Amino acid sequence: MDLKVRVGVLLVSFLVMLFPPVQAFYLPGTYLHPYKKGDKLEVKVNSLTSIETELPYSYYSLPFCKPPEGIQKMAENIGEMLMGDQIENSPYKFQMKVDQKDLLACVAPPLTENDVKHFNQRIDDLYQVHLILDNLPVTRLTTAAKEPNSQLRWTWSPIGFKFDDKPEHFIYNHLEFKVLVHPYDKDSASGAVLGTGEGLDTMPAATMQNLTGTYMVVGFEVAPCSVVRDAKAAKELKYQGLLPASDCDPNKPHQVIKVGEEIVYSYDVVFEESNIRWPSRWDAYLKMEGARVHWFSILNSLMVISFLAGIVFVIFLRTVRRDLTKYEDLDKEAQAQMNEELSGWKLVVGDVFRAPENPQLLCVVVGDGVQILGMAVVTILFAAMGFMSPASRGMLLTGMVLLYMFLGIIAGYVASRMWCTLKGVRDGWRPIAWKTACFFPGIAFTIMTVLNFLLWSRDSTGAIPISLYFVLLLLWFTISVPLTLLGGYLGAKAEPISFPVRTNQIPREIPPQRYPSWLLVLGAGTLPFGTLFIELFFIMSSIWMGRVYYVFGFLFVVLILLVIVCAEVSVVLTYMHLCVEDHKWWWKSFFASGSVSLYVFLYSINYLVFDLHSLAGPVSAALYLGYSLLMVITIMFATGTVGFLTSFYFVHFLFSSVKID
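Every chain is numbered independently, its residues counted from 1 as its sequence is written. Per-residue local features are limited, in this predicted model, to residues with pLDDT of at least 70; the limit for side-chain atom pairs, both in listing and counting, is 80 or more; totals at the level of whole chains, interfaces and linings are taken over all residues. As a rule here, side-chain values come from all non-hydrogen atoms in the structure, and water together with hydrogens is ignored.

1. What about the overall build of the protein chain?
Moving on, step 1. Each helix is a run of DSSP H or I of at least 4 residues and each strand a run of E of at least 2, with the numbering of both proceeding from the N terminus. Within the protein chain, the regular secondary structure consists of 18 helices and 14 strands.
Moving on, step 2. Expressed as a percentage of the 661 residues in the protein chain, the buried residues total 52%.
Moving on, step 3. Taking the contacts inside the protein chain whose residues are at least 6 apart along the sequence as the reference set, 85% of them involve residues at least 24 apart.
Moving on, step 4. Computed with a 1.4 Å probe, the accessible areas rest on the Shrake-Rupley method; for each residue, only the protein chains presented here act as cover. Summing over all exposed atoms, the protein chain offers an accessible surface of approximately 31300 Å²; the carbon and sulfur share of this is 62%. Residue exposure (1.4 Å probe, protein chains only): buried if accessible area is under 20% of the type maximum, exposed if over 50%, otherwise partly exposed. Residue contacts follow a heavy-atom distance rule, with two residues in contact if any of their heavy atoms lie within 4.5 Å.

2. Describing the sheet that holds strand 13 (residues 215-225)
Moving on, step 1. What makes two strands pair is DSSP finding at least two bridges between them. Across the sheet, which stays open at both edges, the four strands sit in the order 3-14-12-13 with mixed pairing between neighbours. Both edges of this open sheet fall to strand 3 (100-107) and strand 13, since each of them pairs with a single strand only. Sheet twist, expressed as the average angle between the axes of neighbouring strands with direction ignored, equals 25 degrees.
Moving on, step 2. Where strand 12 (residues 174-183) lies against strand 13, ten bridges are found, and the strand directions are antiparallel. If you follow Lys178 over to strand 13, its bridge partner there is Glu221. To define axes, lines are fitted to C-alpha atoms, for helices over the stretch in contact only, and angles between the resulting N-to-C directions are given on a 0 to 180 degree scale.

3. Quick look at the state of the cysteines
Moving on, step 1. Working definition: a disulfide is two cysteine sulfur atoms within 2.5 Å of each other. Counted by the stated rule, this structure contains two disulfides.
Moving on, step 2. With a sulfur-sulfur separation of 2.0 Å, Cys65 is cross-linked through a disulfide to Cys106. Of this pair, Cys65 sits in the loop between strand 1 (40-45) and helix 2 (78-82) while Cys106 sits in strand 3, and the two are 41 residues apart along the sequence. Like Cys65, the residue Cys106 is buried in the burial classification.
Moving on, step 3. Sequence-ordered numbering of the bonded cysteines in the protein chain gives a disulfide pattern of 1-2, 3-4.

4. Describing the nonpolar core
Moving on, step 1. The criterion is simple. A nonpolar core is a set of buried Ala, Val, Leu, Ile, Met, Phe, Trp, Tyr and Cys residues joined through side-chain atoms within 4.5 Å. Membership of the largest hydrophobic core comes to 133 residues, with the highest contact counts inside it found for Phe64, Phe94, Phe177, Tyr265 and Phe655.
Moving on, step 2. Every residue in contact with Tyr265, bar those within four places of it in the chain, is listed here: Pro63, Phe64, Cys65, Tyr92, Leu103, Leu104, Ala105, Cys106, Ala108, Phe119, Ile171 and Asn173.
Moving on, step 3. Val304, Leu308, Val521 and Val569 belong to the second largest nonpolar core, which has ten residues in total.

5. Here's the deal with the environment of Ala105
Moving on, step 1. Along the chain, Ala105 falls in strand 3.
Moving on, step 2. Between the alpha carbons of Ala105 and Asn173 there is a distance of 9.7 Å; along the sequence they are 68 residues apart.
Moving on, step 3. Sequence-distant contacts of Ala105, defined by excluding residues within four places in its chain, comprise Cys65, Pro91, Tyr92, Tyr239, Tyr265, Ser266 and Tyr267.

6. Quick notes on the sheet that holds strand 5 (residues 131-133)
Moving on, step 1. Reading across the sheet, the four strands line up as 2-1-5-6 and stay open at both edges, with antiparallel pairing between neighbours. For this open sheet the edge positions go to strand 2 (88-95) and strand 6 (136-137), each flanked by a neighbour on one side alone.
Moving on, step 2. Pairing analysis gives five bridges linking strand 1 to strand 2, with the strands arranged antiparallel. By the bridge assignment for strand 2, Lys40 is matched with Gln95.

7. A short note on empty space enclosed by the protein
Over the atoms, a rolled probe matching the size of one water molecule traces out where space is still vacant.
Moving on, step 1. A 1.4 Å probe that fits into a set of points on a 1 Å grid over the protein atoms alone but cannot get out defines a cavity; an open set with protein on both sides within 12 Å along at least five of seven lines defines a pocket, and lining residues are those with an atom within 4 Å of a point. Grid points are joined across faces, edges and corners, and a volume is the space filled by probe spheres set on the points. A complete count under the given rule lists one cavity of 30 Å³ or more for this structure.
Moving on, step 2. The calculated volume of the largest cavity comes to roughly 100 Å³.
Moving on, step 3. Around the largest cavity, the lining residues are Tyr59, Phe64, Tyr92, Val129, Leu131, Ser157, Pro158, Ile159, Tyr172, Leu175 and Tyr265.
Moving on, step 4. Ten residue types, Ala, Val, Leu, Ile, Met, Phe, Trp, Tyr, Cys and Pro, are classed as nonpolar, four, Asp, Glu, Lys and Arg, as charged, and the remainder, Gly among them, as polar. The class makeup of the residues in the lining of the largest cavity is ten nonpolar, one polar and no charged.

8. Notes on the pattern of salt bridges
Pairs can form between side chains of opposite charge once their charged atoms are near each other.
Moving on, step 1. When a carboxyl oxygen of Asp or Glu lies within 4 Å of a side-chain nitrogen of Lys or Arg, that pair is called a salt bridge. Considering all chains together, one arrives at ten salt bridges under this definition.
Moving on, step 2. A salt bridge links Glu69 to Lys93; its shortest N-O distance comes to 3.1 Å. Pair noted here: Glu69 is in the loop between strand 1 and helix 2 and Lys93 is in strand 2, with a separation of 24 residues, a long-range link.
Moving on, step 3. A salt bridge links Lys588 to Asp582; the shortest N-O distance between them is 2.3 Å.
Moving on, step 4. What makes Lys588 buried here is its relative accessible area of 18%.
Moving on, step 5. Under the relative-accessibility criterion, Asp582 is labelled buried at 2%.

9. Concerning the environment of Lys36
Moving on, step 1. Within the secondary structure, Lys36 sits in the loop between helix 1 (3-18) and strand 1.
Moving on, step 2. Between the alpha carbons of Lys36 and Thr212 there is a distance of 9.0 Å; along the sequence they are 176 residues apart.
Moving on, step 3. Once residues lying within four places of it in the same chain are set aside, the contact partners of Lys36 are Met96 and Thr214.

10. So, the confidence of the model for the protein chain
Moving on, step 1. For the protein chain, mean pLDDT is 81; residues scoring 70 or higher make up 81% of the total.
Moving on, step 2. A low-confidence stretch, residues 190-207 (pLDDT under 50), is modelled with 36 contacts involving residues beyond four sequence positions or located in other chains.
Moving on, step 3. What pLDDT expresses is the predictor's confidence in each residue, scored from 0 to 100. Across residues 330-341, confidence stays below pLDDT 50; counting only partners more than four residues off in sequence or on other chains, it has seven contacts.

11. Observations regarding a nonpolar patch on the surface
Moving on, step 1. Residues qualify for a patch when their relative accessible area is over 30% and they have no salt bridge, like charges being joined within 9 Å and the nonpolar side chains of Val, Leu, Ile, Met, Phe, Trp and Tyr within 5 Å. A contiguous nonpolar patch, built from Trp518, Leu519, Leu522, Leu598, Leu602, Ile605, Val609, Phe610 and Leu625 and spanning about 820 Å² of accessible area, is present on the exposed surface.
Moving on, step 2. Ranked by residue count, the leading element in the nonpolar patch is helix 17 (residues 596-610), at five residues.
Moving on, step 3. Here Phe610 is to be found in helix 17.
Moving on, step 4. The class for Phe610 is exposed, based on a relative accessible area of 58%.

Below, the structure written as structure tokens:
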């Protein structure tokens, strides 16, 4: 696909995501595709994945059965490519409402020693096959070991298996498919947009009137089994020829993987009418579990917020307000005498707005933090409203990337205006805007490039294609950079924030402190982490354990609570520093709330040791730590910005309320 066309499609998809059809009834789903009896259905395959290695591989990296027409890759968006998805066609083809048994998919060529090695390694690493029909992932039902009456639902199918007491590996070469369908009715087709789930297709109104007798796919299940078949007899049959009946009896011999073996791949398909309506077909995948735990997380956060709010209330109403009222009630002579006896935060009045160390870096990270925070809030809000469902593969990541690009104007404005405020002049905003546009993307690009070399060395589909690098660079250079420069220009033109007090020429010496200030800064991060860590477990499980995360409503509430806690923590810590005559509060207010990222990183290591203890190999561990590092830096920028901006306006309000010359 031409680069310009790809970018155009992405932009159109983003606009459609923002402004969906007014009559659309099912925001989280794909596009309705009714099938008549006998219409062709084609199963697609996605990358092989494993929670043991976290290295995705192409389905056809193993000598599986290939489709007669050849392998064809499906079009993918930015999010799918970043996640390592590689969707391709397969030899498994059905006809709507036509049950078929023991169909031949193919007879694979004799296995070589290298093929056997790869099969055995993938089975030992618990790699799973991901099949897709009408944009629905395949599900496999198994019986829970502790609860025989309950069933577990998995969104994948294993490649094969191995017995503990035998050295051989066995392959699942026969797949029993069950397709759940629902007859067409008016309620199921009340939306205006219909299609194949692969593009933005609109079905004419005249066509919608002739859909009686059609069916919609509402479920897709598979039961894999290992069957020994006669390869010579199968070779005499054509594609989808009828093989001898197999009953998948687990007590019968299984298909072993060995050198020179010709494996016969086959499948069954059964169609079953279901009461599941098309708008509800994703409910089985998005079933929310652990709701009580999420509510406990929110309750825990509210308790922390109430505790901190009480402290802030005491600071404002009992301490600060009392001092200000007492001061304003005095006459001028008494005020002059009191100025000589000032103590606490009032002593640093001539130094509190002194420019911090590395002011450029501070302005840049605050600008990038505003951009990241805005992206997170808008993305999670849209996901909570159903615009970014897992049904639309990759839409969440695609939306995040594009939102980050467009929010560059806010980053440039905040960074430039903060720079003009600190320096008191409008000169120098261009370098600040450029650094804001390049700083965080440069960090992300560096980390992703290093990880990409690791993925390339293992021939994994998780590696970002070179074409995607150029697409991202083009989007960054044509959207993010110009908007950031425009925001910087607007920030420089805006009136700088005036400080309420003058800054002394000679800086005041900070008296010795009883406790190191960095100790308070690091300790402050425990409170924001306390509001986040429960939800963090579900997020980590979604990323690394292959589970679907769809409780974005809870996540949005937790995000808002996290912002409030970060603001309160930073205000309290800034006031404590001012009270001990420490006027260097700028960076400390940033890291007071940003230090939550340190605890997130420590939690990531804990998750690696205790929950991903089976992660195999140094490459997999390096990938995990690399992605965790990128996540931690992102969290630090966002939470640190919240703390800094809140502290800045708190200090500005505090010293604008007192008349000290």
